[in-house]
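Here is how the chains run, residue by residue.
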Amino acid sequence: MRVLVIGSGAREHALVLALRRDPAVTALFAAPGNAGIAQHAQVRPVDPCAAEDVVALATEVDADLVVIGPEVPLVLGVADALRVAGIPCFGPSAAAARIEGSKAFAKDVMSAAGVRTAHSEVVDNPAELDDALDRFGPTWVVKDDGLAAGKGVVVTADRSAAREHGAELLEQGHPVLLESFLDGPEVSLFCLVDGETVVPLLPAQDHKRVGDGDTGPNTGGMGAYTPLPWLPEETVTAIVEDVVRPVAAELVRRGSGFSGLLYAGLAIGSAGPAVVEFNCRFGDPETQAVLALLDSPLGELLYATATGTLAQVEPPRWRDGAAVTVVLAAENYPGRPRLGDAISGAGEGASDGNATVLHAGTTQREDGALISAGGRVLNVVGVGANLTEARASAYDRIAAIKLPGSHYRTDIGLAAVENRIEV
Ligand code: GLY
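A brief report on the enclosed structure follows. (Residues numbered from 1 in each chain as written. Predicted model: local features only at pLDDT ≥ 70, side-chain atom pairs only at ≥ 80, totals over all residues. Heavy atoms only, no water.)

**Structural notes on the pairing of strand 1 (residues 2–7)**
Then comes step 1: Counting buried positions along strand 1 gives five out of six residues, so the element sits mostly inside the fold.
Then comes step 2: With six bridges connecting them, strand 1 and strand 2 (residues 27–32) associate as parallel partners. Each residue of the ladder has a partner; that of arginine 2, found in strand 2, is alanine 27.
Then comes step 3: Taking the sense of rotation as the criterion, the β-α-β connection linking strand 1, helix 1 (residues 10–20) and strand 2 turns out right-handed.
Then comes step 4: As judged from the four bridges shared by strand 1 and strand 4 (residues 65–68), these two strands associate in the parallel manner. By the bridge assignment, leucine 4 is partnered in strand 4 with valine 66. (Buried < 20%, exposed > 50% of the residue type's maximum accessible area, 1.4 Å probe, protein only. Helix = DSSP H or I, 4+ residues; strand = E, 2+ residues; numbered from the N terminus. Pairing = 2+ DSSP bridges. Right-handed = clockwise from strand over helix to strand, strands pointing away.)

**Looking at the environment of isoleucine 99**
Then comes step 1: Mapped onto the secondary structure, isoleucine 99 falls in helix 5 (residues 94–101).
Then comes step 2: Taking the C-alpha atoms as reference, isoleucine 99 lies 8.9 Å from leucine 262; in sequence the two are 163 residues apart.
Then comes step 3: Those residues in contact with isoleucine 99, other than ones at most four positions away along the chain, are Phe105, Ala106, Val109, Val247, Phe258, Leu262, Phe278 and Cys280. (Contact = heavy atoms within 4.5 Å.)

**Things to note about helix 12 (residues 387–398)**
Then comes step 1: Compared with the 16 Å implied by 1.5 Å per residue over twelve residues, the 16 Å span of helix 12 between its first and last C-alpha is a close match.
Then comes step 2: The backbone nitrogen of threonine 388 has a side-chain oxygen 3.2 Å away, supplied by the residue at the start of helix 12, namely asparagine 386. (Expected span 1.5 Å × (residues − 1). Polar contact = N/O pair within 3.5 Å; in protein donor to acceptor, adjacent residues only side chain to side chain.)

**Brief notes about the side chain of aspartate 22**
Then comes step 1: By the secondary structure assignment, aspartate 22 is in the loop between helix 1 and strand 2.
Then comes step 2: Buried aspartate 22, no salt bridge; nearest opposite-charge side chain is arginine 317, N-O distance 9.4 Å.
Then comes step 3: Side-chain polar atoms of aspartate 22 contact the backbone nitrogen of glycine 299, separated by 2.9 Å.
Then comes step 4: Contacts of aspartate 22, omitting those with residues within four sequence positions, involve Pro297, Leu298, Gly299 and Glu300. (Lys, Arg positive; Asp, Glu negative; His and termini not counted. Salt bridge = Lys/Arg side-chain N within 4 Å of Asp/Glu carboxyl O.)

**A closer look at helix 6 (residues 103–113)**
Then comes step 1: Buried within helix 6 are the following residues: Lys103, Phe105, Ala106, Lys107, Val109, Met110 and Ala113.
Then comes step 2: Those residues of helix 6 hidden inside the fold are in contact with helix 5, strand 6 (120–123), strand 7 (140–144), strand 9 (176–179), helix 9 (233–253) and strand 17 (272–279).
Then comes step 3: Following helix 6 by one or two positions, glycine 114 adopts a phi angle in the positive range, close to 70°.

**Some thoughts on the pattern of salt bridges**
Then comes step 1: Tallying each qualifying case throughout the model produces 22 salt bridges.
Then comes step 2: With a shortest N-O distance of 3.1 Å, arginine 254 and aspartate 108 are connected by a salt bridge. Within this pair, whereas arginine 254 is found in the loop between helix 9 and strand 16 (259–269), its partner aspartate 108 is found in helix 6, the two being separated by 146 residues in sequence.
Then comes step 3: On the basis of relative accessibility, which here comes to 29%, the residue arginine 254 falls in the partly exposed class.
Then comes step 4: In this structure, arginine 365 engages aspartate 367 in a salt bridge whose closest nitrogen and oxygen atoms are separated by 2.9 Å.
Then comes step 5: On the accessibility criterion, arginine 365 (43% relative accessible area) is partly exposed.

**Some thoughts on the packing of aromatic side chains**
Then comes step 1: All told, the structure shown has four aromatic pairs when counted by the stated rule.
Then comes step 2: Taking 6.0 Å as the distance between ring centres and 35° as the angle between the ring planes, the aromatic pair formed by tyrosine 395 and tyrosine 408 counts as tilted. You can see tyrosine 395 sitting in helix 12 and its partner tyrosine 408 sitting in the loop between helix 12 and helix 13 (414–417), a full 13 residues away along the chain.
Then comes step 3: The exposure class assigned to tyrosine 395 is buried, which follows from its relative accessible area of 14%.
Then comes step 4: The class for tyrosine 408 is partly exposed, based on a relative accessible area of 29%. (Phe/Tyr/Trp six-rings, centres within 6.5 Å; stacked < 30°, edge-to-face > 60°.)

What follows is the structure in structure tokens.
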């Protein structure tokens, strides 16, 4: 099977490495990829959002399967263009990707499917912001009502900070979504979905704030771990049966059946799981940890999803143990990051022992030096017999990487190790 992966982050690097482990995958291409992905796949400088160019590349490389990583091409209909060209694609249609691209659509689907989620209001007029804030909070949850890569969200008990973020979004012309605060630890559950067939992967937990102890602003994700020792197996079953399956069925009922990865982000509160958000693609950085434990051929699972035969393949098998992703971020991230610095200690190959270095925002200079080129620069994925060992694998490896001004959280998965998470 010849596979083309679309995207350029650590999530796509993890997808490429997992696909490479599948003996049925005979050729791997990526567009545009990054310096790390280029070690394992032929990379091509194609814009992921340019549907015609993606179709042309998939045709040129004779791809049997295209896997779209990021949400923006999905929301723009790149998967539709591939399907029109007769090329199997892992990723939903633009109509189904609205589950992530339009918060109003997602709320409407959840309401029709009877799924618990936060109460919300959209504000598009600055004159209405103060009254609307009075109807919410504390705590206030203020979101960009569009795609914002996680950074459009401010969760705060400080009304003036909530107001400032809302006003800033409105000034930029973005409608603001106010939501009631859902308490309880967060879970990311990724499900392969092909119409009404739903196959869950391992549950994971993201760490969205920049600083240890969940302090500082939200980011695109500073680390993740899987599985979740504190989450009962029956809660995962309940999420699949009471949340993901009804939403998949509702999308089919509306004529926009989902094909790809449906990501349920949930808060596990005292009244049970409630949806924080749905995304239409693999989550970043949770995917990097989840795929590190996958023991089944990834290509077969994604191809079956893309071709409507998911119900006929074996459910995924998982390695015992745990996996932890730690994100190395550039100085000043999640503000405007410092770019263009040389990185040392990232290593040549993908993996050494129990740690794998994945590239997120990197590029290679003509002299071969590895250079930072994004806010999230590298990820280190550690595996081990348990979470403590997986953390040690990741943190030992990341300590050997040198990038001026860079930072990472030191507490990924720590609350779970110390039994500080209660549901
Ligand atoms: N883990 C957050 C996201 O992928 O949006």
